[in-house]
Amino acid sequence: MSEAANIGILQDMTFIAVMAVALGLLGYRVMRRLRPEVTWNHEGLVVSRPYADIDLVVMTAGLAMLLQGIMQPVTEAAKKTDLLPDVSMIVLSMVMQLMIAALLLIYLSQLRGLNPAELFGFNLIRWRMVLRTIVLWTVPMLLVVGGAAYLANHWLQGVAPGGEEQELVKMFQTSDDLGLRATIIMAAVVGAPIAEEIMFRGFIYGVLKRYTDGPFAAIISGLFFAIMHSHVGSLVPLWVLAVILCAAYEITGCLLVPMLLHALFNSTSISVMLFGN
């Protein structure tokens, strides 16, 4: 599959996700008027009530910023993805992600007057509960996501044979540069789980849940999470992973749990790349 085709599919999926959000917000608003007695967004342990209309605006603007590279004209977006990442680009990307997450925390605490530790359940940390959840969830998570990846890639090869791995994955597998490999590991195991969980599970999922409900918010926030990784071959498994992480967040009420599960998933993926060849 050519890079232009890859970007084109991602653009189509982005349009579908945006339309789903718009229709979902409208649909749930109508349902709430018709059945105000139903607590649409209060199931589970993830707190969504503190979010307000301004947070929905910030969420929309943030998603537009994160996805603007994909939504450029196909030829321009494809040219950008053809650039091979090096250590400086990977570090810059990781720093930018962490900065966005930090700005989000500042926005919530300073402008909205909310306590991120309480909002994201860090005050609920019980290490026995965290460890028990990690032990019980890790293997099923890896099996389910791995199965989804196998089925998706099998289908994709039948529809568009010749699909390639992500450039970053190919570089990690083929490069002998220990500095590059160490940087990729740091970004995948530390930077991405912290920044992406704060943005997608902590904020985007929470805001969507406030205006819809948990299952809808998990599916849509997970789709945006998968699209952001800019690779059609990874779209379905990352979507499944995101929904699982939302479920773990809902069951425990603590964002640390999906952070650790995310880090374990990325660590396992890297281990397979290192020792599975």
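Overview of the structure. Counting of residues starts from 1 at the beginning of each chain's written sequence and follows it residue by residue. Only residues with pLDDT of at least 70 are given local features in this predicted model, and only at 80 or more are side-chain atom pairs given and counted; all residues enter the totals for whole chains, interfaces and linings. No hydrogens and no water enter the side-chain calculation; it runs on all heavy atoms of the structure.

1. A word on the overall build of the protein chain
- Of the regular secondary structure elements, the protein chain holds eleven helices and zero strands.
- For a compact globule the rule gives 2.2 Å times the number of residues to the power 0.38, and the radius of gyration it is set against comes from C-alpha atoms. Taken over C-alpha atoms, the radius of gyration comes to 19 Å for the protein chain, in line with the 19 Å a tight globule of 277 residues would show.
- Along the three orthogonal principal directions, the C-alpha set of the protein chain runs to about 55 × 45 × 35 Å.
- Whether two residues are in contact is decided by their heavy atoms: any pair within 4.5 Å suffices. Across the protein chain, contacts joining residues at least 24 apart in sequence account for 83% of those joining residues at least 6 apart.
- On the protein chain, roughly 14,100 Å² of surface is accessible, and the fraction owed to carbon and sulfur atoms is 70%.
- For the purpose of charge, His is not counted, nor are the chain termini; Lys and Arg are scored as positive and Asp and Glu as negative. Charge coordinates come from a single atom per side chain, which is NZ of Lys, CZ of Arg, CG of Asp or CD of Glu. Between the mean site of the 16 positive side-chain charges and the mean site of the 19 negative ones, the protein chain shows a separation of 12 Å. The secondary structure listing takes helices from DSSP runs of H or I that are at least 4 residues long and strands from runs of E that are at least 2 residues long, numbered from the N terminus. The accessible surface values rely on the Shrake-Rupley method and a 1.4 Å probe; as for residues, cover is taken only from the protein chains in view.

2. Some details on the side chain of Asn-6
- Along the chain, Asn-6 turns up in helix H1 (residues 3–34).
- Burial status follows relative accessibility: with a 1.4 Å probe on protein chains alone, a residue under 20% of its type maximum counts as buried, one over 50% as exposed, and anything between as partly exposed. Judged by relative accessible area, which is 5%, Asn-6 ranks as buried.

3. Examining helix H10 (residues 235–252)
- To estimate how far a helix should reach, multiply one less than its number of residues by 1.5 Å. Under the 1.5 Å per step criterion, the end-to-end length of H10 is 26 Å for 18 residues, consistent within 8% with the ideal 26 Å.
- Listing the buried residues of H10 in full gives Leu-235, Pro-237, Leu-238, Leu-241, Ala-242, Ile-244, Leu-245, Cys-246, Ala-248, Tyr-249, Glu-250 and Thr-252.

4. Observations regarding the nonpolar core
- Within the largest apolar cluster, 62 residues are counted, with the highest numbers of intra-cluster contacts made by Leu-108 and Phe-203.
- Taken together, the elements giving at least two residues each to this core come down to H1, helix H2 (53–67), helix H4 (87–111), helix H6 (127–159), helix H8 (178–211), helix H9 (214–228), H10 and helix H11 (256–275).
- Formed by eleven residues, the second largest nonpolar core is a distinct cluster that contains Val-169, Ile-184, Ile-270 and Met-273. The criterion is simple. A nonpolar core is a set of buried Ala, Val, Leu, Ile, Met, Phe, Trp, Tyr and Cys residues joined through side-chain atoms within 4.5 Å.

5. Some thoughts on the side chain of Glu-197
- Examined against the element boundaries, Glu-197 turns out to sit in helix H8.
- By relative accessible area, which is 0% here, Glu-197 ends up buried.
- Under the rule applied, a polar contact is a pair of N or O atoms within 3.5 Å (in protein, one hydrogen donor and one hydrogen acceptor; residues adjacent in sequence only if both atoms are side-chain atoms). Polar side-chain contacts of Glu-197 include one of 2.7 Å to the side chain of His-262.
- Sequence-distant contacts of Glu-197, that is, excluding residues within four places in its chain, are made with Ala-192, Gly-202, Leu-245, Leu-255, Pro-258, Met-259 and His-262.

6. Quick notes on the packing of helix H7 (residues 167–174) against H8
- Relative to each other, H7 and H8 sit at 135 degrees, their axes nearing to 9 Å. By the angle between their directions, the pair H7 and H8 is classed as oblique. The handedness of the crossing between H7 and H8 is left-handed. Seen from H7, the contacting residues are Leu-168, Met-171, Phe-172 and Gln-173; seen from H8, they are Leu-180, Arg-181, Ile-184 and Ile-185.
- Here the term charged refers only to Asp, Glu, Lys and Arg, the term nonpolar to Ala, Val, Leu, Ile, Met, Phe, Trp, Tyr, Cys and Pro, and the term polar to all other amino acids, Gly among them. Per-class residue counts for the contact of H7 with H8 are six nonpolar, one polar and one charged. Interaxial angle, 0 to 180 degrees, is taken between N-to-C directions of lines fitted to C-alpha atoms, where a helix line uses only the stretch in contact. Our angle categories are set so that under 35 degrees counts as roughly parallel, over 145 as roughly antiparallel, 65 to 115 as roughly perpendicular, and the remainder as oblique. Left-handed describes a crossing in which the near helix is turned anticlockwise from the far one by less than a right angle; the clockwise case is right-handed.

7. Things to note about the packing of aromatic side chains
- Note on aromatic contacts: the rings of Phe and Tyr and the six-membered ring of Trp form a pair at centre separations within 6.5 Å, being stacked when their planes are under 30 degrees apart, edge-to-face when over 60 apart, and tilted otherwise. Taken as a whole and assessed by the stated rule, the structure comprises four aromatic pairs.
- Ring geometry for Tyr-205 against Tyr-249: centres 6.4 Å apart, planes inclined by 55 degrees, an arrangement best described as tilted. Here Tyr-205, found in helix H8, pairs with Tyr-249, found in helix H10; they are 44 residues apart in sequence, far enough to count as distant.
- Whether a charge sits over a ring depends on NZ of Lys or CZ of Arg being within 6 Å of the ring centre and within 35 degrees of the ring normal. Residue placement shows Arg-201 over the ring face of Phe-225; its charged tip is 4.4 Å from the ring centre.
- Above the face of the Tyr-211 ring, Arg-210 is positioned so that its terminal group lies 4.8 Å from the ring centre.

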